[in-house]
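Each chain, written out:
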Amino acid sequence: MSRDRLIVALDVPAPSDALDLADQLGDAAGFYKMGMQLMSAGGYMGLAEELARRGHKVFADLKLFDVPATVAAAVRGLRDRGIEFLTVHGNQAIMEAAANNKGARMKILAVTALTSLDRGDLDDLGFDCEIGELVLSRARRALEAGCDGVIASGRELPALRQALGRRLLVVTPGIRPIDNDETHDQKRVVTPAAAIAKGADHIVVGRPINAAPDPREAALKIQGEISRGLRMRLRRSAPN
């Protein structure tokens, strides 16, 4: 569904706040990301199951990173909780362990490079390559490992699609609407329409919706941007 291309990040303090936000958004959104903030609040699995019970899709952004056997066990424990997407962050063996234990419904997404990182951060971390090269390398390895998709910035989308086509789902965080002028910790950001036009399957939006005076209105505006991005993509792919 086109509506589900928008994934709303539930960056809120407690499960009750997450359910309140989902109620406010109504049919303006149907896919929700639950990250570490909610994990630390307690009731994480109960919230995932309740969102699924209400007909929503759930993205568990847990960035699993541990020895392969532990990751495999964690994935098996999560695969029957109504979770649609689950993130892993690690080497080939970790990605393979996740992919081999995901079950029939859940999709495994590999993290490529966090959108809060820039060239200087990669230097500090010891990566002697450009961000685009790192993202493409990790995407290729994710595909080989059996993952369903990757998390990647909109800046790297064209290169990913050119190299790998549509063999991987691409979920893009670091999304900021054009009229959003808040300060933020994302360094490689794009607009909703641009991300979709460049090939993102889903975009993740948090604070521009969560912190908006009217979250539903903000979500509907982003849905409009998504529709515009899809039209742009169709025009680009149409034969001359």
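These numbers come from a predicted model, not from an experiment.

Draft legend 1. Representation of the overall build of the protein chain within the structure. Scanning the protein chain from terminus to terminus reveals 11 helices and 8 strands. Counting every position in the protein chain, which comprises 240 residues, the buried fraction comes to 53%. Long-range contacts, defined as pairs at least 24 residues apart, comprise 66% of the intrachain contacts of the protein chain with a sequence gap of at least 6.

Draft legend 2. A look at the pairing of strand E2 (residues 31–34). In E2, alternate side chains face the same way, and those of Phe31 and Lys33 on one face and Tyr32 and Met34 on the other are all buried. Sheet topology places strand E1 (residues 6–9) next to E2; 2 bridges connect them, and they run parallel. From the neighbouring strand, valine 8 faces E2, where its bridge partner is tyrosine 32. Note that the unit made of E1, helix H1 (residues 15–25) and E2 has a crossover that is right-handed.

Draft legend 3. Layout of the pattern of salt bridges. The tally for this structure, following the rule as stated, stands at 15 salt bridges. A salt bridge links arginine 54 to aspartate 23, with the nearest nitrogen and oxygen atoms 3.0 Å apart. Of this pair, arginine 54 sits in the loop between helix H3 (44–53) and strand E3 (57–64) while aspartate 23 is found in helix H1, placing the two residues 31 residues apart along the sequence. With a closest N to O distance of 2.9 Å, aspartate 27 and arginine 216 form a salt bridge. With aspartate 27 in the loop between H1 and E2 and arginine 216 in helix H11 (residues 215–237), this pair connects stretches of sequence that are 189 residues apart. Looking at aspartate 27, the relative accessible area reads 53%, which means it is exposed. Using a relative accessible area of 31% as the deciding quantity, one classes arginine 216 as partly exposed. In the salt-bridge network here, residues are joined through shared partners; they are Asp23, Glu50, Arg53 and Arg54.

Draft legend 4. Quick look at the packing of helix H4 (residues 68–78) against helix H5 (residues 92–99). Packing of H4 against H5 leaves a shortest axis separation of 8 Å and a crossing angle of 25°. By the angle between their axes, H4 is roughly parallel relative to H5. Note on packing geometry: the crossing formed by H4 with H5 is right-handed. Counting all contacts with H4, which are made through Pro68, Val71, Ala72 and Val75, the residues of H5 involved are Ala93, Ile94, Ala97 and Ala98. When its residues are assigned to classes, the contact of H4 with H5 shows 8 nonpolar, no polar and no charged.

Draft legend 5. Examining the environment of asparagine 100 more closely. Inspection of the secondary structure puts asparagine 100 in the loop between H5 and strand E5 (107–111). C-alpha of asparagine 100 to C-alpha of valine 75: the two residues are 25 residues apart in sequence and 9.2 Å apart in space.

Draft legend 6. Inspection of the sheet that holds strand E8 (residues 202–205) at higher detail. Spatially, the 8 strands close up into a barrel ordered E1-E2-E3-E4-E5-E6-E7-E8, and their pairing is parallel. Averaged over all pairs of adjacent strands, the angle between strand axes in this sheet comes to 25°, irrespective of strand direction. One ladder, built from 3 bridges, connects strand E6 (residues 149–151) with strand E7 (residues 169–172); its direction is parallel. From the neighbouring strand, valine 150 faces E7, where its bridge partner is valine 170. Of the strands in this sheet, E3, strand E4 (85–88) and E5 are in contact with H5, which crosses E5 at around 165°. On the sheet, H11 packs against E1 and E8 and is oriented at approximately 145° with respect to E1.

Cut-off values and rules
- Residues numbered from 1 in each chain as written.
- Predicted model: local features only at pLDDT ≥ 70, side-chain atom pairs only at ≥ 80, totals over all residues.
- Heavy atoms only, no water.
- Helix = DSSP H or I, 4+ residues; strand = E, 2+ residues; numbered from the N terminus.
- Buried < 20%, exposed > 50% of the residue type's maximum accessible area, 1.4 Å probe, protein only.
- Contact = heavy atoms within 4.5 Å.
- Pairing = 2+ DSSP bridges.
- Right-handed = clockwise from strand over helix to strand, strands pointing away.
- Salt bridge = Lys/Arg side-chain N within 4 Å of Asp/Glu carboxyl O.
- Axes fitted to C-alpha atoms, helices over the stretch in contact; angles between N-to-C directions.
- Parallel < 35°, antiparallel > 145°, perpendicular 65-115°, else oblique.
- Left-handed = near helix turned anticlockwise from the far one by under 90°.
- Nonpolar A, V, L, I, M, F, W, Y, C, P; charged D, E, K, R; others polar.

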